[in-house]
Amino acid sequence: TVYSIYFLNYLTGFLLFKKISSSNLIASLSAGIFAFSSYTLARNGSHINLALIAGFPLTLYALIRLKEKIFPPTLFVLGAGIILTSVGSLQYLLLLGLMLLVLLVISLPLYSIEVSRYLRSAAVHWKPLVIFFMVLTTLGAALHFSYFKSFISGSYSLRDRQAAFDLIRSGFSDLFIPN
């Protein structure tokens, strides 16, 4: 399992760095540094799932390819990157969402013409995008069903460090159904 995590980190890093540099040597060295960084090696001791950071380069690779053209295989790679990120950690998924938001905020003023052209292209190819988001939502719910269920039902609880009781947080349903 540990070797497969590092191999997956290396493979997705290689895909991204090959796309950026167009050199096998630079991509191989960069992917090796990425896959065997001190961050991933430090995760070996306790939480091995946190060493799985392969979703980040896979998502960036898919975004670079989506810039060229929207087509279903790239949407599959983007979905795989997002799902792979969430398998590593839900906090990684939040970081990925924040990274994509920052990327959008930065790219809008710098590349406004390209972004508008890209959005027009996405409007033409809306069917694969809708299918992509439906499949991604279904897979995300299947992988993290317990989190969704507890959030919707309101049974998600946190242990308060100061007191010896659980703090019950309101669920998603409390937004729509009054007490």
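Residues numbered from 1 in each chain as written. Predicted model: local features only at pLDDT ≥ 70, side-chain atom pairs only at ≥ 80, totals over all residues. Heavy atoms only, no water.

Colleague: Could you give an account of the overall build of the protein chain, naming the residues involved and the relevant values?
Modeller: A count of helical and extended segments in the protein chain gives 9 helices and 2 strands. Along the protein chain, helices (α) and strands (β) appear in the sequence α-α-α-α-α-α-α-α-α-β-β when read from the amino end. Of all intrachain contacts in the protein chain linking residues separated by at least 6 positions in sequence, the fraction that spans at least 24 positions is 54%. On the protein chain, roughly 12100 Å² of surface is accessible, and the fraction owed to carbon and sulfur atoms is 71%. (Helix = DSSP H or I, 4+ residues; strand = E, 2+ residues; numbered from the N terminus. Contact = heavy atoms within 4.5 Å. Areas by Shrake-Rupley, 256 points an atom, 1.4 Å probe, with all protein chains shown as cover.)

Colleague: Tell me about the packing of aromatic side chains, and please be specific about residues and values.
Modeller: One pass over the structure, following the stated rule, counts 3 aromatic pairs. Both rings, one in Y10 and one in F14, keep their centres 6.4 Å apart while their planes meet at 20 degrees; by these two values the pair is stacked. Note that Y10 and F14 are positioned in helix 1 (residues 2–21) at a spacing of 4 residues, about one turn of the helix. Here F14 falls in the partly exposed class, since its relative accessible area comes to 23%. (Phe/Tyr/Trp six-rings, centres within 6.5 Å; stacked < 30°, edge-to-face > 60°. Buried < 20%, exposed > 50% of the residue type's maximum accessible area, 1.4 Å probe, protein only.)

Colleague: Please provide a residue-by-residue account of helix 1, values included.
Modeller: For helix 1, with 20 residues, the first-to-last C-alpha span of 28 Å sits near the 28 Å given by 1.5 Å per residue. Among the residues of helix 1, those classed as buried are I5, Y6, N9, T12, G13 and L16. Summarising the axial view, the buried residues of helix 1 lie within an arc of 135 degrees, below the 170-degree limit, and thus occupy one face. Among the exposed residues of helix 1, those pointing more than 90 degrees away from its buried face are Y3 and F7. As for helix 1, its buried residues are in contact with helix 2 (24–35), helix 3 (38–42) and helix 4 (55–68). (Expected span 1.5 Å × (residues − 1). Arc of directions from axis to C-beta.)

Colleague: For the packing of helix 1 against helix 4, give the residues involved together with the corresponding values.
Modeller: For the pair helix 1 and helix 4, interaxial distance at closest approach is 8 Å and the crossing angle is 35 degrees. The handedness of the crossing between helix 1 and helix 4 is left-handed. Across the interface between the two elements, T12, G13, L15, L16, K19 and I20 of helix 1 pack against P57, L58, L60, Y61, I64, R65 and E68 of helix 4. Here the residues of the contact of helix 1 with helix 4 sort into 8 nonpolar, 2 polar and 3 charged. (Axes fitted to C-alpha atoms, helices over the stretch in contact; angles between N-to-C directions. Left-handed = near helix turned anticlockwise from the far one by under 90°. Nonpolar A, V, L, I, M, F, W, Y, C, P; charged D, E, K, R; others polar.)

Colleague: With reference to specific residues and values, describe the packing of helix 5 (residues 72–88) against helix 6 (residues 90–110).
Modeller: At a minimum axis distance of 5 Å, the contact between helix 5 and helix 6 shows a crossing angle of 135 degrees. Between helix 5 and helix 6, the crossing angle belongs to the class labelled oblique. Residue-level inspection shows I82, T85, S86 and G88 of helix 5 in contact with helix 6, the latter providing L90, Y92, L93 and L96. Of the residues in the contact of helix 5 with helix 6, the class split is 5 nonpolar, 3 polar and no charged. (Parallel < 35°, antiparallel > 145°, perpendicular 65-115°, else oblique.)

Colleague: Please give an account of helix 2 that cites residues and values.
Modeller: With 12 residues, helix 2 should reach 16 Å at 1.5 Å per residue; the first-to-last C-alpha distance of 16 Å fits that figure. The set of residues buried in helix 2 consists of A27, A31 and A35. On an axial view of helix 2, the arc spanned by its buried residues comes to 55 degrees, and they lie on one face. Those residues of helix 2 that are exposed and aimed more than 90 degrees away from the buried face are L25, L29 and I33. Those residues of helix 2 that are buried are in contact with helix 1 and helix 3.

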